[in-house]
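As a plain string of letters, each chain reads:
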Amino acid sequence: MKQNITLSYSINRSFIKSDIYIFEALGYNVQRILSRPHKSTIYFIWNRTQELLKSLLYIPSSKIVVSWFNDYHAFIPIIFSKLFLKKSVIIVGGYDAIVDKENSHGLFFKKGIRSTLAKINYSLADELWVVHKSLEIGCSYAREKFNIISGIRSFLVN
């Protein structure tokens, strides 16, 4: 019998499809929690409700919970991974590890519930995988030239 992996993500991009394919090629059954971003309050509540229900359904039988990117969509699955004693991983892709004040960009650009949940997610996850080392430790060139703060370590110590 195949082992399950729960994958939480907010956008259906080619690299996510590729990861699903890789997990399946390794013999895993990938259970998906897709939570597309919406600005509407109704859709926001609907997304959290779906995440809650799918987390209850999928995570108890999963070996691991993987979240592509850190944001609202990662919070409930990570909480349930802790409740059900499952390993959790956040794959950090960029937006979730920078602040670009000039372009009002980055998960930590504004202080509030979103950035607070992101810090909680980072602290609860068993592993953080970054797509580039600068998303862990920061990029001094981006800071000096463009005043862009980067690296999850910059946001976890504050």
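1. Regarding the packing of aromatic side chains
Within this structure, the stated rule accounts for eight aromatic pairs. Ring centres of F44 and Y72 lie 4.9 Å apart, and the angle between their planes is 85°; this geometry places the pair in the edge-to-face category. Residue F44 is found in helix α2 (residues 41-58), and its partner Y72 is found in helix α3 (residues 72-83); the two are separated by 28 residues along the sequence. For Y72, a relative accessible area of 22% puts it in the partly exposed group.

2. Focus: the pairing of strand β3 (residues 62-68)
For β3, a buried count of six out of seven residues is recorded, marking the element as mostly surrounded by other parts of the structure. Judged from the five bridges that link them, strand β1 (residues 3-9) and β3 form a sheet pairing that is parallel. The partner of N4 across the bridge, within β3, is S62. With five bridges connecting them, β3 and strand β4 (residues 87-92) associate as parallel partners. When the sheet's bridge partners are listed, W68 is paired in β4 with I91. At this point the chain moves from β3, through α3, to the parallel β4, and the crossover so formed is right-handed.

3. A look at the sheet that holds β3
With parallel pairing, the five strands of this open sheet are ordered in space as β2-β1-β3-β4-β6. Each of the sheet's edge strands pairs with one partner strand only, and the pair in question is β2 (28-34) and β6 (127-130). Mean inter-strand twist for the sheet, computed between neighbouring axes without regard to direction, equals 20°. Sheet topology places β4 next to β6; four bridges connect them, and they run parallel. Bridging from a neighbouring strand, V89 pairs with E127 of β6. Sheet strands touched by helix α1 (residues 14-25): β1, β2, β3 and β4. Its angle to β2, the strand with the most contacts, is close to 150°.

4. Regarding the environment of S115
For S115, the location among the structural elements is in helix α4 (residues 113-124). With near-sequence residues (within four places) excluded, S115 lies in contact with L107, F108 and K110. A polar contact is formed between the side chain of S115 and the backbone nitrogen of G112, at a distance of 3.1 Å.

5. Examining the nonpolar core
Core analysis: the biggest nonpolar cluster contains 18 residues, and I90, V92, F108 and Y122 have the highest contact counts within it. Looking at this core, the elements with two or more residues in it are α3, β4, β5 (98-100), α4, β7 (148-150) and α7 (152-156). The contact partners of Y122, leaving out residues within four places of it in the chain, are N70, I90, V92, D96, A97, F108, L128, I152 and L156. The next biggest cluster of nonpolar side chains, apart from the first, holds 13 residues, and it includes L7, Y9, I16 and I20.

Rules used in this analysis
Residues numbered from 1 in each chain as written. Predicted model: local features only at pLDDT ≥ 70, side-chain atom pairs only at ≥ 80, totals over all residues. Heavy atoms only, no water. Phe/Tyr/Trp six-rings, centres within 6.5 Å; stacked < 30°, edge-to-face > 60°. Helix = DSSP H or I, 4+ residues; strand = E, 2+ residues; numbered from the N terminus. Buried < 20%, exposed > 50% of the residue type's maximum accessible area, 1.4 Å probe, protein only. Pairing = 2+ DSSP bridges. Right-handed = clockwise from strand over helix to strand, strands pointing away. Axes fitted to C-alpha atoms, helices over the stretch in contact; angles between N-to-C directions. Contact = heavy atoms within 4.5 Å. Polar contact = N/O pair within 3.5 Å; in protein donor to acceptor, adjacent residues only side chain to side chain. Core = buried A, V, L, I, M, F, W, Y, C linked by side-chain atoms within 4.5 Å.

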